[in-house]
Structures are given as structure tokens and as C-alpha cells.
Amino acid sequence: MPDTRRNVLKFIGGAAAGAMFTPAPWRLITDTALWSENWPGVPRPLRGEISARYTNCSICPAGCAVRARCVGGQPVSLAGVAGHPLSRGGLCAFGVAGHQLPYCPGRLTEGLVEAAAGAIARAAANCNPDAAGTPAAVCYPAERVAVLDLRPGRTASWTYRRAMGAVKGGLYLTAGGPFSGAAVDLAKARTVLSLGAPVLDGWGTPGNVLAERAHFRLIQAEAIESRTASLADQWLRIRPGSAPALASGIAGALKKAPVADMAEATGLTEQQINDVAAELTQHGPALVLPGDDCLEAWAINEQVGGFGVTVVARTEPPVPEAWTKGCAPVTPLASVADGSIRTLIIDESASGDYIPWGGIRRKLVADNPVVIAFTSSPAGYARHSLFVLPTAVYPETLEDIPGAIDSPRAAFRMAVPLVAAPAGVVNSSEFVAKAVGLDAATALRERADAIRKAARGVLITYADGRSRPTAQVAPDDFWKALNEGACWIDTEAQRAAPPAADWTGPGARPAASPRLPLVAVLTESATAATAPASPLMTKLDRESNLRLGLRRAALHPETARSCGARDGGRAELETSLGKCRIEVVVDASVPRGILQVAASPDVIDICGAGARCRVLPL
Amino acid sequence: MISEKKPGKICRYGMAIDIDKCTGCGACMIACAVENNVPPGNPGATDLTGITWLRVFKVDNGEEYPRKESVYFPMMCQQCGMETPCYLVCPQQAVDVDPATGIVFQMPERCLGCRYCMAACPYHSRYFNWWDPKWPAGMEKTLNPDVAPRMRGVVEKCNYCHGRWHAARQRAAEAGLKDIIPGDYVPACVEACPAGAIQFGDLNDPASAPAKAAGDPESFRLLVSLGTEPKVYYHSKKEWARRIGDPSRAPAPKEPSRG
């Protein structure tokens, strides 16, 4: 072949084309993939010494024991502590990803801290005109300062009570309800009737409930096929909002009274109501759990002899004696006169049951009330507050967790910081205490010392699984153990029955309205909605449809068609209290005429139990 | 190509899942994502394009109330023991079967993203990275150092937390042992399940839960008629639920429902 430029080019071209028929370039593609695997867009995990640390989860009141796997001190995964007497080794989906909460994109980290401190101090001074050093202030007896605690029973709760006790007319408020002072003993129950309580879906301490599940028969009365309803031994499909009517029907059946009216109200037969009543008496001990605190459930527990057996008084760990002197009493929000609170401090840092804003707003003075919210989320009461103060989230903060509802014995455990809190966040109880001139920086230590001094119960340390009588642990060791992952559990106390509540009869069913043809049924816990949740929760809703995501509502296909809504479409949910935007999900398992909607603060604000509503496609 | 045999005990890891115990809480799904550095869903991700190595489905018997019954059904890679479809179709040898454990695993750095394996998998247990893996600022610190995050354009799937297996082998080696200390290696979903519904073990060990499940008449496997010999055994006392394993006998859903 002549050595010309054309031939050289032909050779190069032919070689390139021929190479495509050899494995070489295709292997190069693999290598290219290998290089791109390490491109800067893919994050590199931390390296460091691997260790285990122990704490207790404070996301919800269950307070499950947690073992954190840490790399260089940074927690990278969480797991339950096997053999723990309260949480029984379990963690829920929120708890498993709890170490990611500090990095939640929607989390609040800034607020008007100085202005809020001034507002609290001014409000306290206005109610204490005689206090030394305060300016000439005017006290309005009917306009009070109050703290609303969504998770009572903590050491922080005692700090609030002490702080409000130091303010003339200061109020310490809780959500209240008959079950707020009660605990239940699932280990003693053989039949459990749930009036809409999500027993198998995060209620109580999930690990404990599931460990006891084999020992009791579960009857779930609910309008929709919730997770608990689908797994219960018996599901009673009742009309939305008719749980109080069912409870009063059962209470009547236990007294051999006619139940025809209640059968009509609930959509069940008289025979079904009588059968449930018979089962509660014949297969005892029985336990009746209300979904939304309803006094009727309380009455049935009393009738079937559950008081002192399956329902007992909730006891608190010992507190320093000095705290109990002059502290504000626990006052249920409902018992406060309307329009009487000028300054309301809401502690949403420890999430609990979200109280619809309408119920709180009524208690505030009409003109310019001051609402201060301690929260880490903009989604809850922050929407209604004048001042929003950011707080630390689990696992950044040191706090104690009161006993869960299914813990009949008093317990004391602490969530200890595994990572540092960002600058700018405040400790809510210390902040309030400081604003009224109280020092509460060492409250947890004082509480731990009081528990140790009482010298009863046992201390369980997680790292070694040891259980020691409290009396045998030195005070400093007791405090050290609590900070390294431990739990104090009281000895079996006297099984005192909680105080009886007045029974006021069945609640009213929502009236049918042609304008609002659907009934809204809230589903799943709002815990995740009022506090930051791990971004990984998309796995449970958007990426798998296992749960309804926030602001999503499910309709039966026929109901959706009648509303003109389509699957995945945007719509407006309207009730008599307001409107909010939702995304429609078409789901054949939802009964016709019902809108199953994920509970979030904005939805709870406009929907009560069984609220009438309509869906307007956008 | 099957990898060369490694020294030590030959295991055949499998799972036994009691679907009567599963409450569908999703703790296993989250634990799996945390352990394996699966990123949060992209804003555009749906149930078809999201990545859930382990997914819990809700299945019912097709009846109306009051005869309606439902179960929650955790589904992950079934770790086919024979004629592994994804392994057979991969043009890049990005799928391999570990002869020491029987675990089918994916090598994302070899993967071209052709998705033949996704088409071949009869269990729909493989997921494609449609987007760059992204975590909110700061959350990279919570990533598991034993598992490399995957890039956009590759397929991934459950590998029984292979990183944990390596860590357990390392611990055994440090202790001067040839084989893994019994109970030292369990996948994240098994550890996380608060109901104790998922159990893990060596099918070659007759005392293990999966081996016992293999001989239980109330246990079943999915699509066993395909001859893929899946190593995940499901257990239910409900006859209709056991029929899920055989689609020709399973009730057809009347209308779509969530979960």
C-alpha cells in the first residue's frame, strides 16, 4: 500500500470502525462508569471510629430505648435495645430515622428570641404589679399568662408549673381529657375494644403493644379500614363520628338497656352491640380505648371492672419537694374561661396531641393576644403565633420523657444529645423560667437526685443490660448512668384506679348537609406533621403508597367521580371551618362518602372528628 | 459468571417472613434506606420511580366488609437460588451471586443502566436511579460508611445488607474465627422489625428460622413455578394469603387501592 496521507486516514478510520467490534471500547464504558461513580455529585460518607451510644427516643411520648451506631461520634443508624422492659426492643419508622431530624430542610433555626423574652417578662410583670423593680404596671385580672404544655409529665412541665406559680394568675394548661391521668396495662387485658385508637399503628409504645398483641383479642370500631382495623381480630365498621354513640350503646347494653337508637346511629345491628358488651364482660379483664378522648369509653371501663386492673392511675417519678410548693396546678385547657388569656406560651418542642387552633383561640382575649410558640416546625402553632422560637430536636437536646400511656409503672429516662444543637435554638422551659426570674438550668439533675433519694425501683443500664436496685446506686453514678443510656422504673405501685370522670352522654353526630356531602376522617398520627420528620419518610408515602402523605386525601373511585376529582389531581378541601389544598388519591378501600385525609395541623384545624366536607377539584 | 468459592463455611442465607405478624408500620423500609444510603425521594419520584429496596404492600382477599381481610406483605429481592433472571441477562456482569452466602448482589460501578435486569426480574425488586442521589444539607454526615452511595443511571437492589456481612466477617477475623459468629449478621430490616415478623438465617442450618419455614406447610414462596428457587419464605395461617405465591390462584383486585 502506498504511503499516502489518504491511506493513513483510511487505516485510522478502518481501525476505529473495527475496534467497535472488539470488547475493548465496551469495557471502557464500564471503566467510565467506575470513574463517574466517584464524581463529586455523589456524597462520601464520613470515616471514623465506630462506636455505640445509648439514649431514649423523645420524638413521641413512648420514649423507646435506642442504640445509636456512631461513626466518629456522629450517629449513622438507630436500633432498639433488645430486652428493654418498656419498649421491648422495638422502634417505629420515625424512630429508626430519628438521627436525621436535625437536618430536616423545613426545620426552624431562627426566631425573635430577645423580643419574645421581653414579651414574657412584660406579661409576667404586668400580672405582678407589686414585684420589686417592675415599672408601674397594670394588672388585668381576667387577662392571664399561660403555658400550654403538649406533653405534660416532664421535668420541663414542672419548670413551667413553678414559673407560672411565680406569676400572679399564671396558668399551666394541658390538653386534659379523662385518659390524661390514666395508664393502661395491656399485659392484664384479655379483650381490648378500641373506639378508633390506632392501637397497632404507633399508639402507646409500639414494641410493647406488639409484644402483648398475642395475649389479647382486639375489636376495632372504626369507619375506615385503618391499619389497626385491617389487623384486628374483629372490625366493626361504624359510621364516621359515631364512636361516642357506640360507646354509650355498649354502656347501655351492659345495663340491659335498649340499644336500638345507638344501633341506628352507628350503622351496626343491636345484636352486634350486645355481642360486644357480652364479650367485654365474659372475656375479661377488658379494656376500652377511646380514639379521641370520649368520656363514654371511660364509663365502660368503670362498668366492666377495668379500673384498677387494666386502667390505673398514671404515676410520676418523684420530684423535689420544693417544686411542689407554690407551683401552678394542672388545668385542662377546656376548663379555662373563654377570652381570658392575654399571653399564651405554647410548648410544641415536645410533640403531643395537636389541639385544633380554634379551641385555643377561643381562650385568648379578643384584641391583640400574644402567642409565643416554642417549636422546631413552621407547620404547627407557628402559623398562629406572634413570636416563634426555634428549639432543639431529638437527638440534640437533653430532656426527660414521661411514662407512656401503656406503662402502668412510673419511669424516668432521658434523651441525651448525640449531636450538637445549632446556634440560635433555645431550651423552652429554661427560657420561660429565666424570663420570670427562676433558675431551672439544673432541673433534670435535681429530679434525678430526688428519684435516687426515694430509693425505690430499679435502674436498667442499656450498654450492659444490667438491672440494679436504685438504693444500691450512688447518686453521681445514677446521674451518669442516665446520661449514658438508662431507665429508672418504679417498683409495682399500688394499682390505684384513676379518678372517675363525669359522663355527659353521647356526642352529637355531624349533621348531614347537602352542601358538604362527604365526611372527613383523619388518619394516622399528626406527630410527624407538627415536628420535623426525616426526609426518608418519602419511602412510606410517595415512593410506596404505604401511608397517606401529608395533604393527601383518599376517596373511593365512585365518590371521586361524583366530585369530579381524579387520581393525583389537586383539589380544595372545604369544611364549615375553612379550606385547605389537598392532593386526591383514588382508593377502592375507602368507603363511599368518606374522605380519608392525612392528619396535619392545617387539616386538623378545619376538620373535627367526622367533620362534614366537600372536595372541589382545582 | 459465578464468583470463585471463598474459604470458610458455605451458607445459603434466606428469610422467613410471618405476614400475619406484619403491621405494615414501615420501620423495615426506613431501616433499609438508612443502612444502605438510599436517598430521600426526588420531588418527582412516584411509586414507580422511587427507590425502595424493601417495599411493604397491602394485600386483601378481594371480599367486601365484613368478610374482607388484609395482610401487609414485605417484598424485597427474593435472592433467587436457581436461574437467577437478573444475573442471566446482565450484559455487563454487574450482577453476581456470592457462592459463600448465596446472596445475589449488584455491582453498580459495572452497571450500564440498560435495565434488562429490571425487565427480567419477576418480583419487581430492582430499582433504577433516575436522579442524582441528594440528601438535604448536612445529612450526608448520617450516611453509613460501609455502603457506597450509587450514582444516577444505575440499578440497585436488596443485597441482605452485604456491608453488614463484611463487617461481621471482619469481626470474626479479628476474633480469630474462620466463620461469622452466629447471630452477628442480620440485615437492617430484620433488626428493625418491631413485630419480629422478619427472621433471617442460613437455609443450610436446619435450626434456622428460614430452614424451618421451608418445611412448614403454612409457608410459601413467590412465583415458585418459575423455577427461580427464591430464598424468602412467607408464612401465613390464612389460606387466601398463601395463594399470593401463585398468581393463577390469587384473587384479582377489583379496583386499585393504596399500599
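(A) Seen up close, the overall build of chain B. Looking only at helices and strands, chain B has seven helices and 10 strands in total. Since a compact globule built from 259 residues should have a radius of gyration of about 18 Å, the 18 Å found for chain B is in line with a globular shape. Projected onto its principal axes, the C-alpha coordinates of chain B cover approximately 55 × 45 × 35 Å. Looking at chain B as a whole, 49% of its 259 residues qualify as buried.

(B) Quick peek at the nonpolar core. Core analysis: the biggest nonpolar cluster contains 259 residues, and L195(A), L595(A) and A27(B) have the highest contact counts within it. Examining the composition of this core, we find that eight residues originate from one element, helix 1 (residues 27–35) of chain B, more than from any other.

(C) Representation of the pairing of strand 20 (residues 486–489) of chain A. All names here are of chain A. Of the two faces of strand 20, the one holding A486 and W488 and the one holding C487 and I489 are both buried throughout. Where strand 17 (residues 411–415) meets strand 20, three bridges bridge the pair, whose relative direction is antiparallel. The residue bridging R413 from the neighbouring strand is C487, located in strand 20. The pairing of strand 18 (residues 458–461) with strand 20 spans four bridges and is classified as antiparallel. Note that in strand 20 the partner of I460 across the bridge is C487.

(D) Focus on the domain arrangement of chain A. Each domain of chain A was delimited in the assignment, giving domain 1 (5–37), domain 2 (109–181 + 316–391 + 426–436), domain 3 (186–309) and domain 4 (518–617). Between the C-alpha centres of domain 1 of chain A and domain 3 of chain A there is a distance of 73 Å.

(E) Structural context of the confidence of the model for chain B. Confidence in the prediction for chain B averages 89 pLDDT; 92% of positions are at 70 or higher. Interface predicted TM-score (ipTM) for the complex: 0.90; the corresponding pTM is 0.90.

(F) Representation of the environment of P102(A) in the model. All names here are of chain A. Relative to the assigned elements, P102 resides in the loop between helix 3 (93–96) and helix 4 (113–126). Sequence separation of P102 and P240 is 138 residues, and the distance between their C-alpha atoms is 38 Å. Here P102 is in contact with V393, E396 and V419, once residues within four sequence places are set aside.

(G) Here's a closer look at the interface of chain B and chain A. At the junction of the two partners, chain B supplies 54 residues and chain A supplies 56 residues. Among the secondary structure elements, those contributing two or more residues to the side of chain B that touches chain A are helix 1, strand 2 (55–60) and helix 5 (188–192) of chain B. If one sorts the elements of the side of chain B that touches chain A by residue count, helix 1 of chain B sits on top with seven residues. Among the residues making up the side of chain B that touches chain A, the classes are represented as 27 nonpolar, 15 polar and 12 charged.

(H) The arrangement of the sheet that holds strand 7 (residues 191–195) of chain A in detail. Residues and elements named next belong to chain A. The parallel open sheet is built from four strands, whose spatial order is 9-8-7-10. Where the open sheet ends on each side, the last strands, each with one partner, are strand 9 (234–237) and strand 10 (286–290). When strand polarity is set aside, the average angle formed by the axes of neighbouring strands in this sheet is 15°. Across four bridges, strand 8 (residues 217–222) lies against strand 9 in parallel orientation. Counterpart to A221 in the pairing with strand 9 is L236. On the sheet, helix 11 (residues 295–303) packs against strand 7 and strand 10 and is oriented at approximately 175° with respect to strand 10.

(I) Summary view of helix 16 (residues 475–483) of chain A. Residues and elements named next belong to chain A. Burial in helix 16 covers these residues: F478, A481 and L482. Each buried residue of helix 16 lies within a common arc of 100° when the element is viewed along its axis, so the set occupies one face. Packed against the buried residues of helix 16 are strand 17, helix 15 (443–454), strand 18 and strand 20. Phi for G485, located one or two positions after helix 16, is positive at around 100°.

(J) Focus on the sheet that holds strand 10 (residues 232–235) of chain B. All names here are of chain B. Strand order in the open sheet formed by four strands is 8-1-10-9, and the pairing between neighbours is mixed. Two strands lie at the open edges of the sheet, namely strand 8 (198–202) and strand 9 (219–220), each paired on one side alone. One ladder, built from four bridges, connects strand 1 (residues 13–18) with strand 10; its direction is parallel. Looking at the pairing, A16 lines up with Y233 of strand 10.

Definitions and limits used
Residues numbered from 1 in each chain as written. Chains lettered and ligands numbered in written order. Predicted model: local features only at pLDDT ≥ 70, side-chain atom pairs only at ≥ 80, totals over all residues. Helix = DSSP H or I, 4+ residues; strand = E, 2+ residues; numbered from the N terminus. Rg over C-alpha atoms; globule rule 2.2 N^0.38 Å. Buried ≥ 20, exposed ≤ 12 C-beta atoms within 10 Å, placed from the backbone. Core = buried A, V, L, I, M, F, W, Y, C linked by C-beta atoms within 7 Å. Pairing = 2+ DSSP bridges. Domains from an automatic or database assignment. pLDDT = per-residue confidence, 0-100. Contact = placed C-beta atoms within 7 Å. Nonpolar A, V, L, I, M, F, W, Y, C, P; charged D, E, K, R; others polar. Axes fitted to C-alpha atoms, helices over the stretch in contact; angles between N-to-C directions. Arc of directions from axis to C-beta.

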